[in-house]
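So you can see what is in the structure, the chains are spelled out below.
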Amino acid sequence: MEVPYTVKNRPDTGLYNAKIGIWLFLASEVMLFGALFSSYILLRVTAQEGEWPTELLNVPIGTVNTLVLILSSVTVVMAWASLKLNNFKKFKFYQGLTVICAMIFVMIKSYEYRDKFTHHDVILTNGMRVDGHLVEETSEYIVLSHPLEYPAEKGIGYRPTALHEAEEEANAHGGGHHHTEDRKIMLSDIEKRTNWGPWANTYFAIYFTLTGLHALHVIGGALVMAYFWGPGSRMWKKNPEQFTNRIEVSGLFWHFVDLVWIFLFPILYLL
Amino acid sequence: MDSTEAKEHHGAEHDAGHGHDHHDPGFMRKYIFSTDHKIIGIQYGLTSLLFMLAGFFLIAVMRWSIAFPGEPLPVIGSLLNTFMAGMTSPVLDPETNELIGYAISNDLYNSFGAMHGTIMVFLAVVPLAFAAFGNYVVPLQIGAIDMAFPRLNMASYHLFLLGGLVMLGSFFIPGGPAQAGWTSYSPLATSIPTDGQLYWLIAMVIIITSSLLGAVNFIATIIQLRAPGMTWMRLPFFCWAQFVTAFLLLLAFPPLEVGALLQLMDRVAGTSFYLPTGLAISSMQDVSGGGSPLLYQHLFWFLGHPEVYVLILPAMGVVSEIIANNTRKPIWGYKSLVYSTLVLGFLSFIVWAHHMYLTGMGTKISTFFQTTTMIISIPSVIILTCLFISLWGGSIRFNTPMLFALAFLPMFGIGGLTGLPLGFNYSDIHLHDTYYVIGHFHYVVAPGTIFALIAGIYFWYPKLTGRYMSEFWGKVHFWCSFVFMNLTFQPMFAQGMAGMERRMADGGAGYSVANNPDAIGALADQFLKLNVNITFAAYALGLSQIPFIINLFYSISKGRSVESDNPWQSTTLEWQTPTPPPHGNFTTPPKVFAGPYEYSVPGAAQDYNPQNQKS
Amino acid sequence: MLQELFNLPANLPVVASEHGADVDNFIIYIHWLMAALFIGWSSYYIYVLWRFNGKKNKKADYHGARTHVSSYLEVAVAIVEVVLLTAFAIPMWAKVVEEVPKPEESTQIRVMAQQFAWNFMHPGADDKFGKQAFDLVSEENKFGRDLEDENGKDDIFTLNEIHLPVDKKVVFHTSSLDVIHSFKVIAMRICQDTIPGMSIPVWCEPLKVGRYQINCAQLCGNGHTAMTGGFLNVDSQEDYDAWLAQNTPADGEEGAGALSFE
Ligand code: HEA
Ligand code: HEA
Ligand code: CUA
Ligand SMILES: [Cu+2]
């Protein structure tokens, strides 16, 4: 006994089981990310004046990552189309390319994460505030590179919006608040400090949650596609039609993962 | 085919993904790691019945505290003290100072309250109504050999079990289980010290994942695997109900998953999603603030409301099957039933904030939500009306399943009607978070859903076992349950009207006149006294289940055997197979020629025309 | 439920606010609708179970009822609901939440709930609160006051007990220090969740002198049951003036110090 329509389409619905399964699964994923996007909106509109930091992410890097994912969206289609055209070699090539794109994406993302986790934000006992990258830490002091100093008004993790202009200006003129030499801070001078993890403020909280969950999807998808590229591809010999279906289904999932990123990129990096 | 040969044959190409037609597969594969929808249905059924018993046990302990606050818990007091050390309060004799027993502390009460709600909703009723009945009955009713994804089906049961065990595990950790109600509102849930809250969140994420897999599977099965001729309008109403339920689970659960995830982040990653600026809780000094407590409530109730229809729709499905069968006539207004259910499904996504009227809602938003709430009551009215009118002109057989199904109607009616004063925000001002709410929803879930599910068990039992359950003990079970259900929940409306609040370990004694003699608005004695009546009624209700439990197990081997494969002379496909159905369900692939409820067709020889017979 | 319907007016507790009677009446109107449906359907139900008992009625009728009464009934229910909604619920709610009385015509009170007690802040003789901000809130400064503000110097702080004049509208600005509580005064028919990080007004007009129980209507931790110490004292104008005079901090005295949290 076989469950019907695992390979062939059911005539009146025009679908095979796994395809309907993935569409349904994606519908629930839409609700999952939809709820997170809604949370993002709610947190953002209820944030106090100036309490939602912007422009803290590296847009060029984000853009590169976006392009990587878009590229993988193309290759994943090519892989499926190659199977449809009965060209297994080409499939291997494109499927492999997709997996590589996924890996590049995850690598770039982890570089970005590391950059944030090593970015420290310190409020000094004298009411000033310094943020920069941690380069050295001992039991007596810490050293921050590219430190930026300004009066601490709001809680930790926030940067006044006006600061960006100051920062840009400073960069342009090579002076101002922006110091290029490292800054050594005694621990005894520190009132409060945090790095830019999810605990720093609600912006980072939602940033890490959204991108983290998305990255898990990327990794999961990549594992599945790597499996179909490697050991899973043996099915091509036995049951090419079912194998093609599997590639189509995993491709649908991959498109969804890309699509989520297309939304994430602007709301987190640009707006 | 020779069985050993079959095994070897399949062992060789195992990863092909459809090696589930082994013969004689051994105990583990047959009962624990089975991919057969019928076995999985039974697994779900037994597990969820056990959870239901656990849920009852918790409320039994709580009801003692409500009726006799501070008094030592009889019988199991010291046992509870051993299990939940540190959470019971020792009671000393005022004169001799001797230990006379253990009372329920507030912590313990809150733990049990949160767990009663969670277990009953997520681990007892949903798995029983949706997963157990759905798994066993839906593929049979649509004429399929199994679910669309059998191995996914097995995975969802195992995930469910895992989630349930994690939830139960939290009883055994220091500090005990979650204490913030089944709603688990932040910041309370975040600031409660017990790790039980963490267990709750993790268990919820697992259970949700299990439900999502189940929902995908059900929808795919119903869309793809209907037998030839089983058109949408020939689908038994039970399948329609499960179909809509599956969509509710599929689309409403992910937001709760997000809600739980963000709360998890608040607890373990130090984020402030639900923690606003200006919080002064000594245990939580270091949070960044800037979050929103209401965000959690929106995410919770976005699930919460569709969830209540998840509890009721399968029940309505079961009741319609039984009513059609035992009135010996078609369901009146089948199409209205189907369309109402679809409308109900859609609307249930846009009424959630009626649980949040008193969180400071403006006129516009509250007008929207109370309007949708009133609109959604209309399809419920239509469904109930169809079922009521279906009785007209019938030739009603009053067997046990029918008695439970019949009792469902007015009981759900009372529960539904009392939803109306809660649905208008202006009356909710007085009734919110009182026992009126407790009465409202217990009428829909306990004498409503639970009665329907019990009816379903009595009804489909002969299909599973080839034997009937005892009619006599069934009727004893019914009448006792019916009386004590009403005695338990009916007085709660009076208490709620009088302003008695829910979630009070002392049953409102702190607000009583005795405690606040000069205060206006204190709770009058007569309402406090009802607590004692309710508690004993609830205990009697529990005892009334004993005949059922014995009947259920005794009849497996000793019950009266069925005379045929179709003992209730039913029309739907699950009765047109051998009893119990073999692996693969049907001996010949069924074809469908008729609607689901062709009873008493004028001119026909017998009073039922099975769906797979040409009339 | 029948019992409840017949005792309905008696079951509802004492009302002491201007809009309270409206709430009660509205509850009663809805219960009339419910009673009509309940009694109507119950009579039908009992009749049908008797009339179509299989022992009596051997042969079922394939078509069953041939009537449109049910559709009219459904429409009737819908119409009654629309009336309840548009004539009562919406406008009355709008009055409660949109027409919050202005400070000139009302007593203004700030309520800060806390595990497990009620903190009150009264603007004092000048009827003006000092400035307040959530990022100033701490366990020492529960209301997040700006201690420099002149208007705040005569503010009165009390724990659990607050006094108001009778027959004058009162606005409670509710918030919470820690978790969500709910500020409910049954006799006034007001109920408002107190949410940390938000200040939400709720108002009523007390009509009767008396000492009213304040309930916490939201699970707020293991002392939720014990959060019963709050009282709203509605005084005659003289008594109220006396209370105010007695509790107003003397010149130069720090407001918060005048009456500590007992
Ligand atoms: C199965 C579960 C279920 C169902 C079906 C419903 C159905 C409804 N519920 Fe209920 N509800 C809950 C479960 C359910 N509810 C739970 C669990 C809670 C509390 C959660 C918590 O806070 O912990 C709750 C709380 C709740 C609230 C929040 C109360 C508060 O906290 O203040 C509200 C408010 O609008 C509400 C409204 C409604 C409405 C309008 C319906 C409508 O859909 C009802 C429509 C039905 C009818 C109108 C009946 C029609 C019947 C007839 C016409 C025939 C009558 C005949 C006879 C009686 C013989 N419910
Ligand atoms: C589906 C949901 C469901 C069900 C069925 C029940 C069933 C019952 N509930 Fe519960 N209840 C809730 C969901 C449910 N409850 C929720 C969500 C809350 C709110 C929690 C919160 O505030 O956070 C609540 C709260 C709640 C309270 C209020 C507590 C408080 O506010 O402090 C009370 C008080 O009396 C109560 C009582 C009961 C009683 C007496 C039953 C009885 O009807 C129980 C009847 C059941 C039995 C008698 C067991 C029968 C057993 C079998 C049939 C199994 C047979 C076993 C085998 C064959 C192995 N419940
Ligand atoms: Cu405060 Cu309950
Ligand atoms: Cu609801």
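Because the structure is predicted, anything quoted here is derived from the model rather than measured.

**Quick notes on the site of ligand 1**
Not every one of the 33 residues close to ligand 1 is listed here, only the nearest: Tyr309, Asp428, His432, His440 and Arg502 of chain B. Each of chains B and C places residues next to ligand 1. Taking Tyr309 of chain B, its side chain carries an N or O atom lying 2.5 Å from an oxygen atom of ligand 1. Between His440 of chain B and ligand 1, the recorded distance is 2.9 Å, taken from a side-chain N or O atom to a nitrogen atom. Secondary structure elements with two or more residues in the shell around ligand 1: helix 10 (293–327), helix 12 (363–390), helix 13 (400–417), helix 14 (419–423) and helix 16 (435–465) of chain B together with helix 3 (20–51) of chain C.

**Some details on unusual backbone geometry**
Ser186 of chain B connects to Pro187 of chain B through a cis peptide bond whose omega is 0 degrees. When you line up the elements, Pro187 of chain B lands in the loop between helix 6 (150–169) and helix 7 (188–191). With an omega dihedral of -20 degrees, the bond running from Thr579 of chain B to Pro580 of chain B counts as a cis peptide bond. Take Pro580 of chain B: it is sitting in the segment after helix 19 (545–558). A positive phi is found at Asn160 of chain C, a non-glycine position, where the angle reads about 70 degrees. Checked against the element boundaries, Asn160 of chain C lands in the loop between strand 3 (156–159) and strand 4 (161–165). Classification of Asn160 of chain C as buried rests on a relative accessible area of 16%.

**Description of the coordination of the iron atom of ligand 1**
Six octahedral donors at a metal ideally form angles of 90 or 180 degrees, and four tetrahedral donors ideally form angles of 109.5 degrees. Residues and elements named next belong to chain B. In this structure the iron atom of ligand 1 is ligated by exactly one protein donor, His440 (NE2), at 2.2 Å. Between the iron atom of ligand 1 and the copper ion (ligand 4), the interatomic distance is 4.6 Å. Following the sequence through the fold, His440 ends up in helix 16.

**Looking at the side chain of Asn233 of chain C**
Tracing the chain through its elements places Asn233 of chain C in strand 11 (residues 231–235). Asn233 of chain C has contacts with Glu161, Ile162, His163, Leu164, Gly210 and Arg211 of chain C, leaving out every residue within four places of it along the chain.

**Re the interface of chain B and chain C**
In this complex, chain B contributes 99 residues to the contact, which on the side of chain C involves 96 residues. Where chain B abuts chain C, roughly 8400 Å² becomes buried across the two surfaces, and 65% of that area is made up of carbon and sulfur atoms. Per-residue buried area on chain B facing chain C is highest for Trp392, Tyr426 and Ile520 of chain B; these three make up 10% of the total on that side. Between the two partners, chain B and chain C, sit one salt bridge. We note a salt bridge from Asp518 of chain B to Arg211 of chain C, for which the minimum N-O separation is 2.9 Å. The interface formed by chain B and chain C holds 32 residue pairs in polar contact (both at pLDDT 80 or more) in total. For the side of chain B that touches chain C, the secondary-structure elements that each account for two or more residues are helix 5 (106–142), helix 7, helix 10, helix 12, helix 13, helix 14, helix 15 (425–431) and helix 17 (471–497) of chain B. In terms of residue count, the dominant contributor to the side of chain B that touches chain C is helix 12 of chain B (13 residues).

Cut-off values and rules
Residues numbered from 1 in each chain as written. Chains lettered and ligands numbered in written order. Predicted model: local features only at pLDDT ≥ 70, side-chain atom pairs only at ≥ 80, totals over all residues. Heavy atoms only, no water. Near = heavy atom within 4 Å. Polar contact = N/O pair within 3.5 Å; in protein donor to acceptor, adjacent residues only side chain to side chain. Helix = DSSP H or I, 4+ residues; strand = E, 2+ residues; numbered from the N terminus. Buried < 20%, exposed > 50% of the residue type's maximum accessible area, 1.4 Å probe, protein only. Donors = N, O, S within 2.8 Å, 3.2 Å for Na, K, Ca; no water. Contact = heavy atoms within 4.5 Å. Buried area = accessible area lost by both parts, 1.4 Å probe. Salt bridge = Lys/Arg side-chain N within 4 Å of Asp/Glu carboxyl O.

By themselves, these figures tell us nothing about what the structure is for.
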